[in-house]
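Spelled out, the chains give:
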Amino acid sequence: MALDETTTPDEHPAVALAALRDDARRELPRTAALRHALHRVPERGLDLPLTQGLVLDALADLDLEVSTGRALSSVTAVLRGARPGPAVLLRGDMDALPVTEESGEPFTSQHPGVMHACGHDLHVAGLVGAARLLAARREQIAGSVVLMFQPGEEGEHGARLMLEEGVLDAAGTPVVAAYGVHVMASTLPLGVVASRPGTFMAASDTVRVTVQGRGGHGSKPYLAADPVPVAAEMVLALQTMVTRQFDVFDPVVLTVGRVEAGTKDNIIPDVAHLEATVRTFSAATHAAVPERVARLCEHVAAAHGMRATVEYERGYPVTANDADEVARARRVTHDVLGADAWQDAPAPVPGAEDFSYVLQQVPGAFVFVGATPPGEDFRTAPYNHSPRARFDDEALVAGSAVLAALALDRLAEGS
Ligand SMILES: [Zn+2]
């Protein structure tokens, strides 16, 4: 990065931001040690006492206003700048997955069947790292930074619970922007930051269908009402529906991942069950899908003289980035890490994320950070959620420096 050595940090924000990278690198041994400690004791869901304890210990020397959640073991910490101003929010999710680790890392999980396979250990450690960078710059800060350590991202709506418990009011002044990071064990080269304006990640819903037939002997299906071929017809009709009824540029991804019926080859069961995940990329399509799915399943069943009950469970909404905040993320990434470190994500990602709830309330940006280990090909390395997923510690430098830079840059703008 070319720096103008004749200017002081105050005159040249890029110089001040570039120092964040160097400071984050200097802090890396401590940040990585925290990450390893978290990785050894992964916990699932909304109640993460060991993880919460490690976060509280790591923040203890930083002069923050710390509170913990009631319905979940969250940690909210407010860092006050030297002068008053608005608040920004930085978020790190804390929970792990029901995966038996096969990564071969020396700091592998000590909890059987549980693993930080989505890299949330790096999110926690990176957010603590960002807090250290910001605490060292308190004199430059006009306003507050709310640090949101969140359990229950993996399907438990932890972000929504923290919103309900008032995380946006933690600083006593309105949160004007929110930022979050997700590390990637593959897909991106190490240390590369990527995002896009507008829809960045999908909404994710679950559909459960029960086809009610009438069981009987497999040799005499005409005396029964066989729900199995009806369920099979639904699986195919749902695929036809998503391509015939929805705009190809605002698509629906529907996967029937579970089909269950019967006990034996010659017994027609009473019922058949289907379970599908449904991904959508706009609020309008997200709103339209449930009624279409129900109509199709109910009418396919009716066509065969049977009944279908359709249970549609809303998951996380679309993760929608603010265009100006993505532009800010691009700019600060250039300043902190160099121009090569940023990639415009070409398309939304069909995964889902509950930081979406925060971005429904305040403008902000969610970005990916490449954590593919050196020597691995980011195109083929084991993906997030794999038992073999490995996330390189080096991603902590980019993650913590970019989060701190986003907070500093936004607060410098005022309310
Ligand atoms: Zn994740």
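Residues numbered from 1 in each chain as written. Predicted model: local features only at pLDDT ≥ 70, side-chain atom pairs only at ≥ 80, totals over all residues.

Novice: Looking at this structure, I do not really get the overall build of the chain. What am I missing?
Specialist: Looking only at helices and strands, the chain features nine helices and 16 strands. Here the chain, with 415 residues, has 47% of them falling under the buried criterion. A separation threshold of at least 6 residues defines the contact pool for the chain, and within that pool the share at least 24 residues apart is 81%. (Helix = DSSP H or I, 4+ residues; strand = E, 2+ residues; numbered from the N terminus. Buried ≥ 20, exposed ≤ 12 C-beta atoms within 10 Å, placed from the backbone. Contact = placed C-beta atoms within 7 Å.)

Novice: When you look at the confidence of the model for the chain in this model, what are you seeing that I'm missing?
Specialist: Taken residue by residue, the chain gives an average pLDDT of 95. The fraction at 70 or more is 96%. Every residue in residues 1–11 scores below 50 in pLDDT, and together they form 10 contacts with partners more than four places removed in sequence or on other chains. (pLDDT = per-residue confidence, 0-100.)

Novice: Where do I start with helix 6 (residues 283–303) in this structure?
Specialist: For the α-helix, the turn length of 3.6 residues means that residues three or four positions removed from each other point alike. For helix 6, built from 21 residues, the straight-helix expectation of 30 Å at 1.5 Å per residue is met to within 8% by its first-to-last C-alpha distance of 31 Å. Of all the bends in helix 6, the greatest, near 30 degrees, is centred on Val289, and the proline Pro290 appears no more than four residues after it. Looking at the buried side of helix 6, the elements it contacts are strand 8 (203–212), helix 5 (227–244), strand 10 (252–261), strand 12 (271–280) and strand 13 (307–313). One or two positions beyond helix 6, positive phi appears at Gly305, with a value near 75 degrees. (Expected span 1.5 Å × (residues − 1). Bend = angle between axes of the 7 residues up to and from the residue.)

Novice: So what exactly am I meant to see when it comes to the domain arrangement of the chain here?
Specialist: The parts lose accessible area when they come together, and the size of an interface is often stated as this lost area. Looking at the chain, the domain boundaries give domain 1 (13–199 + 319–412) and domain 2 (203–313). Computed from C-alpha coordinates alone, the two centres of domain 1 and domain 2 are separated by 38 Å. Contact residues are listed per partner, giving four residues for domain 1 and six residues for domain 2. Looking at the side of domain 1 that touches domain 2 residue by residue, the class counts come to three nonpolar, one polar and no charged. (Domains from an automatic or database assignment. Nonpolar A, V, L, I, M, F, W, Y, C, P; charged D, E, K, R; others polar.)

Novice: Is there a simple way to explain the sheet that holds strand 5 (residues 175–184) in this structure?
Specialist: Pairing in this open sheet of eight strands is mixed, and the strands run 1-2-4-3-5-16-6-15 from one edge to the other. Two strands bound the open sheet, and with one partner strand each, they are strand 1 (65–68) and strand 15 (342–344). Neighbour-to-neighbour, the strand axes of the sheet open up by a mean angle of 25 degrees, direction not taken into account. Two strands pair when backbone bridges link them, and strand 6 (residues 193–195) and strand 16 (residues 364–370) are joined in this way by two bridges, in the antiparallel orientation. The residue of strand 16 that forms the bridge with Ala194 is Phe368. (Pairing = 2+ DSSP bridges. Axes fitted to C-alpha atoms, helices over the stretch in contact; angles between N-to-C directions.)

Novice: Teacher, can you tell me more about the packing of helix 2 (residues 49–59) against helix 3 (residues 120–135) here?
Specialist: Axis angle and axis distance: for two packed helices, these are the angle between their axes and the distance between the axes, and together they describe the pair. At their nearest, the axes of helix 2 and helix 3 sit 10 Å apart, and the two run at 15 degrees to each other. Considering the angle they form, helix 2 stands roughly parallel to helix 3. For helix 2 against helix 3, the interelement crossing comes out right-handed. Contact residues: helix 2 offers Thr51, Val55, Ala58 and Leu59, while helix 3 offers Val124, Val128 and Ala131. Class assignment for the residues of the contact of helix 2 with helix 3 results in six nonpolar, one polar and no charged. (Parallel < 35°, antiparallel > 145°, perpendicular 65-115°, else oblique. Left-handed = near helix turned anticlockwise from the far one by under 90°.)

Novice: Sorry, what's going on with the environment of Thr319 here?
Specialist: Locating Thr319 in the fold gives a position in strand 14 (residues 319–321). On the neighbour-count criterion, Thr319 (27 C-beta atoms within 10 Å) is buried. Along the sequence, Thr319 and Gly198 sit 121 residues apart, while their C-alpha atoms lie 8.1 Å from each other. Not counting residues within four places of it along the chain, the set of residues in contact with Thr319 comprises Phe200, Met201, Glu353, Phe355, Ser356, Leu359 and Phe366.

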